[in-house]
Amino acid sequence: MKVNVGMVGCGFMGKAHSNAWHRAHIFFKTGAEAVMKAACDSDKKAVKAMADLWGWQRTETDYRKLVTAEDIDLVDIATPNKAHAEIAIAAAEAGKAILCEKPLAMDLKQALAMVKAVKKNKVLNVVAFNYRRVPALALARQIIQEGRLGRIFHVRACYLQDWIIDPDFPLVWRLQKPIAGSGAHGDLNAHIIDMARFLVGEITEVTGDAKTFIKQRPVLEAITGGLGAKASKKKKGKVTVDDAVIFLAHFRNGAIGTFEATRFAQGRKNGNKIEINGEKGSLAFNFERMNELEFFDAQDPKHLQGWRNIMVTEPGAHPYMHAWWPAGHIIGYEHTAVNLASDILTAMAKKKKSLQPDFADAARTQAVLDSVLVSAKKRAWVKVPKV
Ligand code: SOE
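Residues numbered from 1 in each chain as written. Predicted model: local features only at pLDDT ≥ 70, side-chain atom pairs only at ≥ 80, totals over all residues. Heavy atoms only, no water.

(A) Region of the structure containing the environment of threonine 204. Note on placement: threonine 204 falls in strand 8 (residues 203-211). On the basis of relative accessible area, threonine 204 is assigned to the partly exposed category, the value being 27%. For the pair threonine 204 and valine 384, spaced 180 residues apart in sequence, the C-alpha separation works out to 5.2 Å. Residues within four places of threonine 204 in sequence aside, it is in contact with His250, Phe251, Arg252, Val382, Lys383 and Val384. (Helix = DSSP H or I, 4+ residues; strand = E, 2+ residues; numbered from the N terminus. Buried < 20%, exposed > 50% of the residue type's maximum accessible area, 1.4 Å probe, protein only. Contact = heavy atoms within 4.5 Å.)

Right, dumping it as structure tokens:
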């Protein structure tokens, strides 16, 4: 079976998704192969270069043409956050399956409109919270679901980067509220909220604080690839988003949580970490050591108790590893997107109408994101709306 993919957005995520669509059916028995039909971006030169490099069959500069094209089955939204809703709603109304980058939307209102559109049009819809497809985190969920931690007391999560500490780093789209919606919060707390909900369950109440350390930056001259960018020497602009957001959370199951997202943690490059403490044991994960999961089992005899460092690369025993390499031949960031693409292709081959995290699930993460910013303004605890 062929799944004809049309991708909108040819930046860092466009690169990660192009690689994933290329390889998913080669490594996994998906029952369907992605055909890279069309790549779309408003920057004609950039999308042509992306198509030539990755083998997209044609290029578009207007997403409306792509989402309504007869030869497109799935629309992959890899654009900055402000465009997610309009593209997803148009794709749903055209009856296309949708993969949308995280965060789902600019705010909860937009997220709920997206949920309404995909439900009305009954299309497969998935959000690219790729860290759920890290084998070590999928294993962590399995361990928790097996009851090996028992009652959960604590969730301790942080997502630490440092790529904008230089005050001369330019005002890229991720630092502009009209394009990004929020800063480190929607970009990074989105991931650790999703991970915490994936592992432990729903968040019911939050209280947070937001900080912008550098308020003016040089305007952007050019993107230099990935997160890199060249600054203009003449003009400066106002940073309109947070540089860091921290918050406390109450979970429906009685656990309490601490969350921190920042792009000012000097020395932390992609420090996506989570630790879960339960009555019978604890788990700890650090994406910068993504093939390992630390497990403390309080059921072990006292003289043998200690943190186990599980190498999560065992084909057949550990999620997704059957498709990759023999034990110990570790995988990387890019494999999380390939694992996700393989799940999507498998779902489409089986004509499944849902795959987690879908838009409705991601809207619950959006509800937490919005509630934290409301609480930061009110300087008070805020109940997370049930959606
Ligand atoms: C930049 O902070 C970024 O590319 C995020 O947007 C991604 O979601 C994250 O996985 C890596 O860092």
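(B) View of the sheet that holds strand 11 (residues 244-251). Pairing is mixed across the open sheet formed by nine strands, whose spatial order is 16-15-14-13-7-12-11-8-17. Every other strand in the sheet has two partners, leaving strand 16 (307-311) and strand 17 (382-383) as the edge strands with one partner each. Across eight bridges, strand 7 (residues 152-160) lies against strand 13 (residues 271-278) in antiparallel orientation. Paired with cysteine 158 across the strands is lysine 273, a residue of strand 13. Across the sheet, helix 8 (residues 184-199) lies against strand 7, strand 8, strand 11, strand 12 (256-262) and strand 13, angled at about 150 degrees from strand 12, the strand it touches most. On top of the sheet, helix 10 (residues 359-378) reaches strand 8, strand 11 and strand 17; it is set at about 55 degrees to strand 8, its chief contact. (Pairing = 2+ DSSP bridges. Axes fitted to C-alpha atoms, helices over the stretch in contact; angles between N-to-C directions.)

(C) Seen up close, the packing of aromatic side chains. Evaluation of the coordinates by the stated rule reveals 14 aromatic pairs. Arranged with centres 6.4 Å apart and planes meeting at 25 degrees, the rings of phenylalanine 251 and phenylalanine 259 form a pair that is stacked. Just as phenylalanine 251 is buried, phenylalanine 259 falls in that class too. Plain terms: the ring middles of phenylalanine 287 and tyrosine 333 are 6.3 Å apart, the flat faces sit at 85 degrees to each other, and that makes the pair edge-to-face. Of this pair, phenylalanine 287 sits in the loop between strand 14 (281-286) and strand 15 (292-297) while tyrosine 333 sits in helix 9 (residues 333-349), and the two are 46 residues apart along the sequence. (Phe/Tyr/Trp six-rings, centres within 6.5 Å; stacked < 30°, edge-to-face > 60°.)

(D) How the structure looks around the site of the ligand. Around the ligand lies a shell of 13 residues, among which Lys102, Tyr131, Gln161, Asp187 and His191 are the nearest. Here tyrosine 131 contributes a side-chain N or O atom positioned 2.6 Å from an oxygen atom of the ligand. At 3.5 Å, a side-chain N or O of tyrosine 159 approaches an oxygen atom of the ligand. Here the ligand loses 96% of its free accessible area of 310 Å² to cover by the protein chains. Secondary-structure elements contributing two or more residues to the shell around the ligand are helix 1 (12-27) and helix 8. (Near = heavy atom within 4 Å. Polar contact = N/O pair within 3.5 Å; in protein donor to acceptor, adjacent residues only side chain to side chain. Areas by Shrake-Rupley, 256 points an atom, 1.4 Å probe, with all protein chains shown as cover.)

(E) Up close: the pattern of salt bridges. Scanning all chains against the criterion turns up 25 salt bridges. Aspartate 71 is the salt-bridge partner of arginine 58, the closest N and O atoms lying 2.6 Å from each other. Here arginine 58 is found in strand 3 (residues 58-60), whereas its partner aspartate 71 is found in the loop between helix 3 (63-68) and strand 4 (74-77), with 13 residues between them in sequence. With a relative accessible area of 25%, aspartate 71 lands in the partly exposed category. The residue arginine 132 makes a salt bridge to aspartate 361 at a minimum N-O spacing of 3.0 Å. Placement of arginine 132 in the loop between strand 6 (125-127) and helix 6 (135-145) and of aspartate 361 in helix 10 is noted, with a sequence separation of 229 residues between them. Assigned by exposure class, arginine 132 and aspartate 361 land together as buried. Connected via shared salt-bridge partners are Arg132, Asp194, Arg197, Glu202, Asp361 and Arg364. (Salt bridge = Lys/Arg side-chain N within 4 Å of Asp/Glu carboxyl O.)

(F) Representation of unusual backbone geometry in the model. Residue proline 103 is bonded to the preceding lysine 102 through a cis peptide linkage, with omega at -15 degrees. The residue proline 103 is located in the loop between strand 5 (97-100) and helix 5 (108-121) in this model. Despite not being glycine, lysine 351 shows a phi value in the positive range, around 55 degrees. The topology assignment puts lysine 351 in the loop between helix 9 and helix 10.

(G) Representation of the layout of surface pockets in the model. Approximately 280 Å³ is the volume attributed to the second largest pocket. Around the second largest pocket, the lining is made up of 14 residues, and of these Lys177, Ala210, Asp242, Leu373 and Lys377 lie nearest the centre. Those elements giving two or more residues to the lining of the second largest pocket turn out to be strand 8 and helix 10. When residues of the lining of the second largest pocket are assigned to their parent elements, the largest contribution, three residues, is made by helix 10. Residue composition of the lining of the second largest pocket, grouped by class: five nonpolar, four polar and five charged. (1 Å grid on protein atoms, 1.4 Å probe; cavity = no way out; pocket = protein on both sides within 12 Å on 5 of 7 lines; lining within 4 Å. Points joined across faces, edges and corners; volume = space filled by probe spheres on them. Nonpolar A, V, L, I, M, F, W, Y, C, P; charged D, E, K, R; others polar.)

(H) A look at the pairing of strand 9 (residues 216-225). Across seven bridges, the pairing between strand 9 and strand 10 (residues 228-238) is antiparallel. Residue leucine 220 lies in a different strand from strand 10, and its bridge partner there is alanine 231. The loop that links strand 9 with its antiparallel partner strand 10 comprises two residues; one of these, glycine 226, has a positive phi angle of about 60 degrees.

(I) Spatial organisation of the domain arrangement of the protein chain. Per the domain assignment, the segments of the protein chain are domain 1 (2-131 + 344-355) and domain 2 (135-289 + 291-329 + 367-378). Domain 1 and domain 2 are separated by 24 Å when their C-alpha centres are compared. Opposite the 16 residues of domain 1 that make contact, domain 2 presents 27 residues. For the pair domain 1 and domain 2, the summed buried surface comes to about 1800 Å²; carbon and sulfur atoms form 67% of the total. Considering only the surface of domain 1 that becomes buried against domain 2, Phe27, Phe28 and Tyr131 emerge as the three largest contributors, covering 38% of it. (Domains from an automatic or database assignment. Buried area = accessible area lost by both parts, 1.4 Å probe.)

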